[in-house]
Amino acid sequence: MITIGQLAAYVGVSIKTIRVYHDKGLLPEPDRDASGYRRYDAGDAVDLIKIRTLAEAGVPLARIRELRAATDGEFREAVSEIDEELTTRIRDLRATQARLRRLVAGQPTAVPAEVAAHLEHLAGWGFTPRWVDLQRDLWILVFATHPDHAITLFHDQAESLAEPVLRQLFLDYDHAHDLDAQDPRIDDLARRIVEATKARYGSEELPHLDEDSDIPSLIQGTVNASSPAWQRIDTLIRQQLNA
(Lines give C-alpha, C1' and ligand atoms only; values in the text may rest on other atoms or scores of the structure.)
Protein backbone atom coordinates (compact mmCIF):
# COMPACT_ATOMS: atom_id res chain seq x y z
CA MET A 1 0.00 0.00 0.00
CA ILE A 2 1.27 3.49 -0.81
CA THR A 3 0.44 7.06 0.20
CA ILE A 4 -1.17 9.66 -2.03
CA GLY A 5 2.22 11.32 -2.50
CA GLN A 6 3.80 8.09 -3.66
CA LEU A 7 0.86 7.37 -5.96
CA ALA A 8 1.16 10.82 -7.52
CA ALA A 9 4.90 10.40 -8.06
CA TYR A 10 4.58 6.93 -9.62
CA VAL A 11 1.76 7.88 -12.02
CA GLY A 12 3.12 11.32 -12.86
CA VAL A 13 0.32 13.59 -11.63
CA SER A 14 0.07 16.03 -8.77
CA ILE A 15 -1.52 15.31 -5.41
CA LYS A 16 -3.97 18.13 -6.17
CA THR A 17 -5.01 16.36 -9.38
CA ILE A 18 -5.72 13.13 -7.50
CA ARG A 19 -7.87 15.06 -5.03
CA VAL A 20 -9.77 16.63 -7.91
CA TYR A 21 -10.41 13.16 -9.31
CA HIS A 22 -11.70 12.14 -5.87
CA ASP A 23 -14.02 15.16 -5.74
CA LYS A 24 -15.32 14.47 -9.26
CA GLY A 25 -16.03 10.85 -8.42
CA LEU A 26 -13.52 9.52 -10.94
CA LEU A 27 -11.25 7.75 -8.47
CA PRO A 28 -12.75 6.23 -5.29
CA GLU A 29 -11.21 7.65 -2.15
CA PRO A 30 -9.78 4.83 0.03
CA ASP A 31 -10.33 4.57 3.74
CA ARG A 32 -7.73 5.91 6.16
CA ASP A 33 -5.43 3.58 8.06
CA ALA A 34 -4.81 3.61 11.81
CA SER A 35 -2.39 6.50 11.38
CA GLY A 36 -4.99 8.60 9.57
CA TYR A 37 -3.42 8.27 6.12
CA ARG A 38 -5.16 7.09 2.99
CA ARG A 39 -3.46 4.11 1.43
CA TYR A 40 -3.66 3.15 -2.24
CA ASP A 41 -3.16 -0.26 -3.84
CA ALA A 42 -2.16 -1.39 -7.33
CA GLY A 43 -5.76 -1.23 -8.55
CA ASP A 44 -5.93 2.44 -7.63
CA ALA A 45 -2.72 3.09 -9.53
CA VAL A 46 -4.06 1.33 -12.64
CA ASP A 47 -7.32 3.27 -12.43
CA LEU A 48 -5.42 6.54 -12.06
CA ILE A 49 -3.27 5.76 -15.09
CA LYS A 50 -6.40 5.14 -17.18
CA ILE A 51 -7.95 8.40 -16.00
CA ARG A 52 -4.73 10.32 -16.72
CA THR A 53 -4.50 8.80 -20.20
CA LEU A 54 -8.06 9.83 -21.08
CA ALA A 55 -7.59 13.32 -19.61
CA GLU A 56 -4.37 13.85 -21.56
CA ALA A 57 -6.24 12.81 -24.73
CA GLY A 58 -8.59 15.74 -24.19
CA VAL A 59 -11.56 13.81 -22.83
CA PRO A 60 -13.62 16.03 -20.47
CA LEU A 61 -13.72 14.84 -16.86
CA ALA A 62 -17.50 14.37 -17.02
CA ARG A 63 -17.08 12.00 -19.98
CA ILE A 64 -14.29 10.13 -18.20
CA ARG A 65 -16.66 9.36 -15.34
CA GLU A 66 -19.11 7.88 -17.86
CA LEU A 67 -16.39 5.85 -19.55
CA ARG A 68 -15.18 4.42 -16.27
CA ALA A 69 -18.52 2.63 -15.90
CA ALA A 70 -18.90 1.68 -19.58
CA THR A 71 -18.69 -1.79 -21.08
CA ASP A 72 -15.98 -2.51 -23.64
CA GLY A 73 -18.41 -1.88 -26.51
CA GLU A 74 -19.71 1.33 -24.96
CA PHE A 75 -16.15 2.45 -24.31
CA ARG A 76 -15.10 1.96 -27.94
CA GLU A 77 -18.21 3.75 -29.22
CA ALA A 78 -17.72 6.68 -26.85
CA VAL A 79 -14.04 7.01 -27.73
CA SER A 80 -14.95 6.98 -31.43
CA GLU A 81 -17.40 9.84 -30.83
CA ILE A 82 -14.76 11.78 -28.93
CA ASP A 83 -12.32 11.19 -31.78
CA GLU A 84 -14.81 12.66 -34.25
CA GLU A 85 -15.36 15.66 -31.98
CA LEU A 86 -11.62 16.22 -31.76
CA THR A 87 -11.30 15.97 -35.55
CA THR A 88 -13.94 18.67 -35.94
CA ARG A 89 -12.23 20.86 -33.35
CA ILE A 90 -8.89 20.44 -35.09
CA ARG A 91 -10.43 21.41 -38.45
CA ASP A 92 -12.06 24.48 -36.89
CA LEU A 93 -8.82 25.47 -35.17
CA ARG A 94 -6.89 25.15 -38.43
CA ALA A 95 -9.47 27.34 -40.18
CA THR A 96 -9.14 29.88 -37.38
CA GLN A 97 -5.37 29.74 -37.66
CA ALA A 98 -5.58 30.36 -41.41
CA ARG A 99 -7.84 33.38 -40.83
CA LEU A 100 -5.43 34.76 -38.24
CA ARG A 101 -2.50 34.36 -40.63
CA ARG A 102 -4.43 36.19 -43.35
CA LEU A 103 -5.22 38.91 -40.82
CA VAL A 104 -1.54 39.31 -39.97
CA ALA A 105 -0.83 39.55 -43.70
CA GLY A 106 -3.39 42.34 -44.01
CA GLN A 107 -5.85 40.29 -46.04
CA PRO A 108 -9.63 40.21 -45.51
CA THR A 109 -10.50 37.15 -43.48
CA ALA A 110 -14.24 36.69 -43.72
CA VAL A 111 -14.67 36.32 -47.49
CA PRO A 112 -13.00 34.14 -50.14
CA ALA A 113 -9.93 35.44 -51.94
CA GLU A 114 -11.83 36.08 -55.18
CA VAL A 115 -14.35 38.26 -53.32
CA ALA A 116 -11.52 40.20 -51.67
CA ALA A 117 -9.92 40.75 -55.08
CA HIS A 118 -13.25 41.88 -56.50
CA LEU A 119 -13.69 44.41 -53.71
CA GLU A 120 -10.28 45.88 -54.52
CA HIS A 121 -11.39 46.41 -58.14
CA LEU A 122 -14.43 48.44 -57.14
CA ALA A 123 -12.47 51.58 -56.29
CA GLY A 124 -10.69 51.42 -59.64
CA TRP A 125 -14.06 51.36 -61.38
CA GLY A 126 -15.12 54.55 -59.64
CA PHE A 127 -17.14 53.25 -56.72
CA THR A 128 -17.03 55.31 -53.53
CA PRO A 129 -15.25 54.04 -50.38
CA ARG A 130 -18.69 53.99 -48.74
CA TRP A 131 -19.93 51.53 -51.38
CA VAL A 132 -16.85 49.32 -51.08
CA ASP A 133 -17.19 49.14 -47.30
CA LEU A 134 -20.90 48.40 -47.59
CA GLN A 135 -20.29 45.62 -50.11
CA ARG A 136 -17.58 44.09 -47.92
CA ASP A 137 -19.85 44.03 -44.87
CA LEU A 138 -22.76 42.58 -46.81
CA TRP A 139 -20.68 39.81 -48.40
CA ILE A 140 -19.23 38.96 -44.99
CA LEU A 141 -22.78 38.55 -43.72
CA VAL A 142 -23.92 36.46 -46.69
CA PHE A 143 -20.89 34.14 -46.64
CA ALA A 144 -21.17 33.68 -42.89
CA THR A 145 -24.88 32.83 -42.91
CA HIS A 146 -25.36 31.13 -46.30
CA PRO A 147 -22.00 29.67 -47.42
CA ASP A 148 -23.66 27.28 -49.89
CA HIS A 149 -25.50 30.04 -51.76
CA ALA A 150 -23.14 32.97 -51.30
CA ILE A 151 -20.65 32.12 -54.02
CA THR A 152 -23.42 31.76 -56.63
CA LEU A 153 -24.81 35.17 -55.72
CA PHE A 154 -21.35 36.67 -55.79
CA HIS A 155 -20.58 35.28 -59.25
CA ASP A 156 -23.87 36.68 -60.53
CA GLN A 157 -23.01 40.16 -59.28
CA ALA A 158 -19.44 39.92 -60.53
CA GLU A 159 -20.69 38.97 -64.00
CA SER A 160 -23.03 41.96 -63.96
CA LEU A 161 -20.23 44.33 -63.03
CA ALA A 162 -18.09 42.91 -65.83
CA GLU A 163 -20.58 44.36 -68.33
CA PRO A 164 -19.98 48.13 -68.79
CA VAL A 165 -23.66 49.01 -69.14
CA LEU A 166 -24.67 47.14 -66.00
CA ARG A 167 -21.63 48.39 -64.12
CA GLN A 168 -22.74 51.94 -64.90
CA LEU A 169 -26.10 51.19 -63.28
CA PHE A 170 -24.34 50.09 -60.12
CA LEU A 171 -22.21 53.25 -60.22
CA ASP A 172 -25.29 55.42 -60.69
CA TYR A 173 -26.94 53.64 -57.77
CA ASP A 174 -23.85 54.24 -55.62
CA HIS A 175 -23.69 57.93 -56.52
CA ALA A 176 -27.43 58.40 -55.95
CA HIS A 177 -26.83 57.95 -52.22
CA ASP A 178 -26.86 61.69 -51.50
CA LEU A 179 -29.64 62.69 -53.90
CA ASP A 180 -32.94 64.02 -52.62
CA ALA A 181 -35.43 61.15 -52.51
CA GLN A 182 -37.77 63.10 -54.85
CA ASP A 183 -35.09 63.90 -57.40
CA PRO A 184 -36.41 62.88 -60.87
CA ARG A 185 -33.12 61.06 -61.49
CA ILE A 186 -34.26 58.53 -58.88
CA ASP A 187 -37.28 57.55 -60.99
CA ASP A 188 -35.16 57.25 -64.11
CA LEU A 189 -32.54 55.11 -62.37
CA ALA A 190 -35.18 52.77 -60.93
CA ARG A 191 -36.73 52.38 -64.39
CA ARG A 192 -33.37 51.57 -65.97
CA ILE A 193 -32.56 49.03 -63.25
CA VAL A 194 -35.89 47.27 -63.78
CA GLU A 195 -35.38 47.18 -67.55
CA ALA A 196 -31.85 45.79 -67.15
CA THR A 197 -33.08 43.18 -64.67
CA LYS A 198 -35.81 41.98 -67.00
CA ALA A 199 -33.40 41.91 -69.94
CA ARG A 200 -30.83 39.89 -67.97
CA TYR A 201 -33.14 37.35 -66.33
CA GLY A 202 -36.30 37.45 -68.42
CA SER A 203 -38.92 35.25 -66.82
CA GLU A 204 -36.32 33.34 -64.79
CA GLU A 205 -36.29 33.60 -61.03
CA LEU A 206 -33.70 36.03 -59.69
CA PRO A 207 -30.78 34.54 -57.74
CA HIS A 208 -31.69 34.41 -54.07
CA LEU A 209 -30.93 32.84 -50.71
CA ASP A 210 -33.17 30.35 -48.94
CA GLU A 211 -36.86 31.19 -49.17
CA ASP A 212 -37.23 31.38 -45.40
CA SER A 213 -34.05 33.41 -44.83
CA ASP A 214 -34.32 36.79 -43.13
CA ILE A 215 -30.91 37.86 -44.42
CA PRO A 216 -32.10 39.48 -47.72
CA SER A 217 -34.55 41.74 -45.90
CA LEU A 218 -31.92 42.48 -43.26
CA ILE A 219 -29.44 43.48 -45.97
CA GLN A 220 -31.95 45.59 -47.90
CA GLY A 221 -33.05 47.22 -44.66
CA THR A 222 -29.44 48.17 -43.92
CA VAL A 223 -29.01 49.61 -47.41
CA ASN A 224 -32.27 51.56 -47.28
CA ALA A 225 -31.57 52.94 -43.83
CA SER A 226 -28.35 54.54 -45.06
CA SER A 227 -30.03 56.70 -47.71
CA PRO A 228 -33.60 57.97 -48.33
CA ALA A 229 -32.76 57.99 -52.02
CA TRP A 230 -31.75 54.31 -51.95
CA GLN A 231 -34.90 53.49 -50.02
CA ARG A 232 -37.07 55.14 -52.68
CA ILE A 233 -35.19 53.34 -55.47
CA ASP A 234 -35.90 50.03 -53.74
CA THR A 235 -39.60 50.91 -53.41
CA LEU A 236 -39.89 51.91 -57.07
CA ILE A 237 -38.07 48.78 -58.25
CA ARG A 238 -40.33 46.50 -56.24
CA GLN A 239 -43.43 48.27 -57.51
CA GLN A 240 -42.37 48.00 -61.13
CA LEU A 241 -41.19 44.38 -60.92
CA ASN A 242 -44.43 43.33 -59.27
CA ALA A 243 -46.68 45.35 -61.59
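Residues numbered from 1 in each chain as written. Predicted model: local features only at pLDDT ≥ 70, side-chain atom pairs only at ≥ 80, totals over all residues. Heavy atoms only, no water.

Draft legend 1. Just the side chain of His 146, in detail. With respect to the secondary-structure elements, His 146 resides in the loop between helix H7 (129–145) and helix H8 (147–162). Owing to a relative accessible area of 9%, His 146 belongs among the buried residues under this scheme. Within the structure, His 146 has its side chain in polar contact with the side chain of Thr 145 (distance 2.9 Å). (Helix = DSSP H or I, 4+ residues; strand = E, 2+ residues; numbered from the N terminus. Buried < 20%, exposed > 50% of the residue type's maximum accessible area, 1.4 Å probe, protein only. Polar contact = N/O pair within 3.5 Å; in protein donor to acceptor, adjacent residues only side chain to side chain.)

Draft legend 2. Structural view of the nonpolar core. Counting residues in hydrophobic clusters, the biggest one holds 36 residues, and the most contacted among them are Trp 139, Tyr 173, Trp 230 and Ile 233. Looking at this core, the elements with two or more residues in it are helix H6 (113–124), H7, H8, helix H9 (164–175), helix H10 (184–201), helix H11 (215–225) and helix H12 (228–241). The greatest single-element share of this core, amounting to seven residues, is contributed by H7. Not counting chain neighbours up to four residues away, the residues in contact with Tyr 173 comprise Trp 131, Leu 189, Ile 193, Gln 220, Val 223, Trp 230 and Ile 233. Counting 20 residues, the second largest nonpolar core, distinct from the first, contains Tyr 21, Ala 45, Ile 51 and Leu 54. (Core = buried A, V, L, I, M, F, W, Y, C linked by side-chain atoms within 4.5 Å. Contact = heavy atoms within 4.5 Å.)

Draft legend 3. Spotlight on the packing of helix H1 (residues 4–11) against helix H2 (residues 15–23). Interaxial distance between H1 and H2 falls to 9 Å at its minimum, and their mutual angle equals 105 degrees. Comparing the axis directions of H1 and H2 gives the class roughly perpendicular. The segment H1 lies against H2, with Ile 4, Gly 5, Leu 7 and Ala 8 engaging Ile 15, Ile 18 and Arg 19. (Axes fitted to C-alpha atoms, helices over the stretch in contact; angles between N-to-C directions. Parallel < 35°, antiparallel > 145°, perpendicular 65-115°, else oblique.)

Draft legend 4. Just the pattern of salt bridges, in detail. Here the structure, examined in full by the defined rule, presents 17 salt bridges. In this structure, the salt-bridge partner of Arg 63 is Glu 85, at a minimum N-O distance of 3.6 Å. Here Arg 63, found in helix H4 (residues 61–68), pairs with Glu 85, found in helix H5 (residues 72–104); they are 22 residues apart in sequence, far enough to count as distant. The exposure class of Glu 85 is partly exposed, given its relative accessible area of 40%. Across the pair Glu 195 and Arg 191 runs a salt bridge, and its minimum N-O distance is 3.1 Å. Here Glu 195 and its partner Arg 191 are both found in helix H10, four residues apart, which amounts to about one turn of the helix. Classification of Glu 195 by relative accessible area gives partly exposed; the value is 44%. (Salt bridge = Lys/Arg side-chain N within 4 Å of Asp/Glu carboxyl O.)

Draft legend 5. Up close: the packing of H6 against H7. At a minimum axis separation of 9 Å, H6 and H7 run at an interaxial angle of 165 degrees. Here H6 is positioned roughly antiparallel relative to H7, judged by the angle of their axes. Relative to H7, the crossing made by H6 is right-handed. Together, Val 115, Leu 119, Leu 122 and Ala 123 of H6 and Trp 131, Val 132, Gln 135, Arg 136, Trp 139 and Phe 143 of H7 make up the contact between the two elements. Classifying every residue of the contact of H6 with H7 by side-chain character gives eight nonpolar, one polar and one charged. (Left-handed = near helix turned anticlockwise from the far one by under 90°. Nonpolar A, V, L, I, M, F, W, Y, C, P; charged D, E, K, R; others polar.)

Draft legend 6. Molecular detail of the packing of aromatic side chains. Per the stated rule, a full pass over the model turns up six aromatic pairs. Both rings, one in Trp 131 and one in Trp 230, keep their centres 5.8 Å apart while their planes meet at 85 degrees; by these two values the pair is edge-to-face. Separated by 99 residues along the polypeptide, Trp 131 in helix H7 and Trp 230 in helix H12 bring together distant segments of the chain. Each of the two residues, Trp 131 as well as Trp 230, counts as buried. Arranged with centres 5.6 Å apart and planes meeting at 85 degrees, the rings of Trp 139 and Phe 154 form a pair that is edge-to-face. Taken together, the positions of Trp 139 in helix H7 and Phe 154 in helix H8 put the pair 15 residues apart, joining distant regions of the chain. (Phe/Tyr/Trp six-rings, centres within 6.5 Å; stacked < 30°, edge-to-face > 60°.)

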